[in-house]
Amino acid sequence: MGIEFRHVRKEYPDGTVAVDDVSLVVPSHRTVVLLGSSGSGKTTLLRMVNRMVDPSAGAVLIDDEDVLRKDPVALRRGVGYVMQQAGLLPHVRVIDNVATVPVLNGVPRRAAREHALELMTTVGLDAKLAYRYPGQLSGGQQQRVGVARALAADPNILLMDEPFGAVDPIVRRELQHELLRLQSELGKTILFVTHDVDEAFLLGDEVVILATGGRIVQQGAPAEILASPADDFVADFVGVAGGRRELSLRQTPDGTVVVDGSGRVQGVLRG
Ligand code: ADP
Ligand code: MG
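Everything numeric in this text was worked out from a predicted model, so none of it was measured. Counting starts from 1 at the beginning of each chain's written sequence and moves along it residue by residue. Each chain is given a letter, starting from A, and each ligand a number, starting from 1, according to the order in which they appear as written. Since the coordinates come from a predicted model, pLDDT governs what is reported: local features require at least 70, and pairs of side-chain atoms require 80 or more to be given and counted, while whole-chain, interface and lining totals use all residues. The basis for every side-chain value is the complete set of non-hydrogen atoms in the structure, without hydrogens or water.

(A) Up close: the sheet that holds strand E5 (residues 65–66). The pairing criterion is simple: DSSP has to find at least two bridges between the two strands. Here a helix means four or more residues in a row that DSSP labels H or I, a strand means two or more in a row labelled E, and each is numbered from the N terminus. Spatial ordering of the open sheet is given by E2-E1-E4-E5, a layout of four strands whose pairing is antiparallel. For this open sheet the edge positions go to strand E2 (17–26) and E5, each flanked by a neighbour on one side alone. Alignment of strand E4 (residues 57–62) against E5, held across two bridges, turns out to be antiparallel. Bridged to Ile62 within E5 is Glu65. Of the strands in this sheet, strand E1 (3–11), E2 and E4 touch helix H1 (residues 42–49), which is tilted by about 125° from E1. We call two residues in contact whenever any of their non-hydrogen atoms come within 4.5 Å of each other. To define axes, lines are fitted to C-alpha atoms, for helices over the stretch in contact only, and angles between the resulting N-to-C directions are given on a 0 to 180 degree scale.

Listed below in structure tokens is the structure:
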């Protein structure tokens, strides 16, 4: 289940060009991260996959079929979507938030609820939270429910739009590592949006850097981007400029240590 963007453009009715000639492949079972500042067209691109937004030109394909030819309702149920503010139904218990889509797809409620409980465990949530309402959970717990809900219809594709942006840094780190663990088990095709460089480099097999106006300025594995940023904009954006991400070796009488751009010791060199 790969995704392909072919020369995609989006101009909103007021004339704003949100996405400009983007071509991009998200290979099956891989995580591709769209990285860019606010307003660089990340959400617009993501929403073209499940047809919440249609392109003005070009095409988005899933497994070589244009999404415009797929039924939008079926498409949305087959593509999991996690938003920044989990997007949970406030007056519905956690378990039924997770079970909603499978029930809409015709799964009997009882079976859907059993599966929802399993999914809660999968995403690291205690099953005893199942009968609470979303407002009775912490931000991090709500995001986990959001991920469980996106997984409930067992989609091959997961769209994640700044899913951890609204939680504190420690919980955010925890959720990022939880996602890495999940992905190593589930092997979904993930398109993940963030403006956080560290998050992008941690999670992405590939990172796509977008600039204002929705243009791709560089795409590649994190190591490639760090080792050879395409231009000054990228170097500055990912923190290579000014030596902020540069590590160097310093010999000490007791061995070789690694220091960062400001001379602080970051670790030791082995091997
Ligand atoms: P990002 O997710 O990277 O912050 P968006 O895709 O939300 O970027 O927005 C890209 C650009 O398109 C921004 O300039 C934004 O103001 C504009 N935009 C987004 N949605 C609409 C809309 N429905 N109508 C007009 N302009 C929009
Ligand atoms: Mg956005």
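(B) A look at helix H5 (residues 139–151). Expected helix span is given by 1.5 Å per residue-to-residue step, counting one fewer step than there are residues. Its 13 residues give H5 an end-to-end C-alpha distance of 19 Å, which sits within 8% of 18 Å, the value for a rise of 1.5 Å per residue. Extensive coverage of H5 is indicated by the burial of 10 of its 13 residues. Of the residues making up H5, those classed as buried are Gly140, Gln143, Arg144, Val145, Gly146, Val147, Ala148, Arg149, Ala150 and Leu151. Buried, partly exposed and exposed residues are distinguished by accessible area as a fraction of the type maximum, computed with a 1.4 Å probe on protein chains only: under 20%, between the cut-offs, and over 50%, respectively.

(C) Structural view of helix H3 (residues 94–104). Taken as a whole, H3 has its buried residues at Val94, Ile95, Asp96, Asn97, Val98, Ala99 and Pro102. Those residues of H3 that are buried lie in contact with helix H4 (109–122) and H5.

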